[in-house]
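# Per-entry structural report
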Amino acid sequence: MDELRFDGRVAVVTGAGRGIGRCHALLLAARGAKVVVADYGGSTDGTGSSAAPAEEVVKEIAAAGGEAVASFASVAEEDGAASIVATALDSFGRLDIVVNNAGISDKAPFEELTNEKFRRMVDVHFLGTLYVTRAAWPHLIASGTGRVVNTTSEAVLGTLEQLTSYASGKGAVLGLTKSLAGEGAKVRVRVNAVAPRARTRMSEESAAAQTDPVVRRRAEAVLAALDPALISPAAAYLAHESCALNGEVLVVGGGAVHRLTLAISKGITKPDLTLEDVAAGLDEICDLTGAAFPAARNF
């Protein structure tokens, strides 16, 4: 296969100052894209800010012969999101790709998470994704090969403990991805997502917080194998103009790529359904044999 490149394309990558986002920005730039490195430079819980992380990544890209500019706005603010898109247009004259990667975490038991903490997750993960995508949308349509790559998480499946606020924000991103993909199809904009398994500041803090030394060492050993750079090939493919996927989520980590999808079982049908019918038919309702896998439609 010929090398997949992004020459002539302009990409915005949010949360690109560190971790997974930095790897996304470096790979896209190495393959010819002009990149807006957008990062507010805050801590993992969303507090604080610094221009340094984004500036350092821009320097890395320039040193490797690529083109990039920094943006320090917050995706959680409408004006900030709009300014990130404006940076792409002012600097490079167009916008073809948006990679919504910015995120925060606040791991804690449900009863300890305040409504404000839930709201912060929604502000950054969901509204941050929404604001940047909405500001970029007309320019992605004008591109003719517009691509949106969102970042969701397996946490939406309820498989990770003490992440109800994080999973709620990422669940909203999943819903936006699936639904917007249908509308995007008719204007030649494809919308997909990645669910990363990677060593990040958030996952490292979570491992370090384990009080059981055996559990902590096991978690650290797992993270050591999850290089964040191994998320970027899948994200970059979803951003490429040749990618025909739409409304899909790829679980990516440690060199592996999987499809995460929603299924609807054949279930049961009773014209006069009673609650006893539901109880008696539970095995059939939960059986995924012959299940349907809904795909994004062109609305």
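Above this text is the structure in question.
These notes cover the structure that comes with them. Source: prediction; values computed, not measured.

## So, the packing of helix 1 (residues 19–30) against helix 8 (residues 232–239)
- The geometry of helix 1 relative to helix 8 is characterised by a closest axis approach of 9 Å and an angle of 55° between their N-to-C directions. In terms of orientation, helix 1 lies oblique with respect to helix 8. For the crossing formed where helix 1 meets helix 8, the hand is right-handed. Residues Ile 20, Cys 23, His 24, Leu 27 and Leu 28 of helix 1 form the contact with helix 8, whose participating residues are Ser 232, Pro 233, Ala 235 and Ala 236.
- Looking at side-chain class alone, the contact of helix 1 with helix 8 contains seven nonpolar, two polar and no charged residues.

## Brief notes about the packing of helix 4 (residues 115–143) against helix 5 (residues 164–185)
- One can describe the packing of helix 4 onto helix 5 by two numbers: an axis separation of 7 Å at closest approach and a directional angle of 20°. As far as their axial angle goes, helix 5 and helix 4 are roughly parallel. Crossing geometry of helix 4 relative to helix 5 is assigned as right-handed. Contacts between helix 4 and helix 5 involve Lys 117, Phe 118, Met 121, His 125, Phe 126, Thr 129, Leu 130, Thr 133 and Trp 137 from the former and Thr 164, Ser 165, Tyr 166, Ser 168, Gly 169, Lys 170, Ala 172, Val 173, Leu 176, Leu 180 and Gly 184 from the latter.
- Residues that form the contact of helix 4 with helix 5 fall into these classes: ten nonpolar, eight polar and two charged.

## Examining the environment of Thr 289
- Inspection of the secondary structure puts Thr 289 in the segment after helix 10 (282–286).
- For Thr 289, the side chain forms a polar contact with the side chain of Asp 287, separated by 2.8 Å.

## Quick look at the sheet that holds strand 5 (residues 147–151)
- Strand order in the open sheet formed by eight strands is 3-2-1-4-5-6-7-8, and the pairing between neighbours is mixed. Looking at strand neighbours, the two that pair on one side only are strand 3 (67–71) and strand 8 (256–260), the edges of this open sheet. Along the sheet, successive strands turn relative to each other by an average axial angle of 20°, direction set aside.
- Note: strand 7 (residues 249–253) against strand 8, five bridges, orientation antiparallel. What sits directly across from Val 249, in strand 8, is Leu 260.
- In the packing of helix 5 onto the sheet, the strands contacted are strand 5, strand 6 (190–196) and strand 7, and the crossing angle to strand 6 comes to about 150°.

Rules behind the numbers
- Residues numbered from 1 in each chain as written.
- Predicted model: local features only at pLDDT ≥ 70, side-chain atom pairs only at ≥ 80, totals over all residues.
- Heavy atoms only, no water.
- Axes fitted to C-alpha atoms, helices over the stretch in contact; angles between N-to-C directions.
- Helix = DSSP H or I, 4+ residues; strand = E, 2+ residues; numbered from the N terminus.
- Parallel < 35°, antiparallel > 145°, perpendicular 65-115°, else oblique.
- Left-handed = near helix turned anticlockwise from the far one by under 90°.
- Contact = heavy atoms within 4.5 Å.
- Nonpolar A, V, L, I, M, F, W, Y, C, P; charged D, E, K, R; others polar.
- Polar contact = N/O pair within 3.5 Å; in protein donor to acceptor, adjacent residues only side chain to side chain.
- Pairing = 2+ DSSP bridges.

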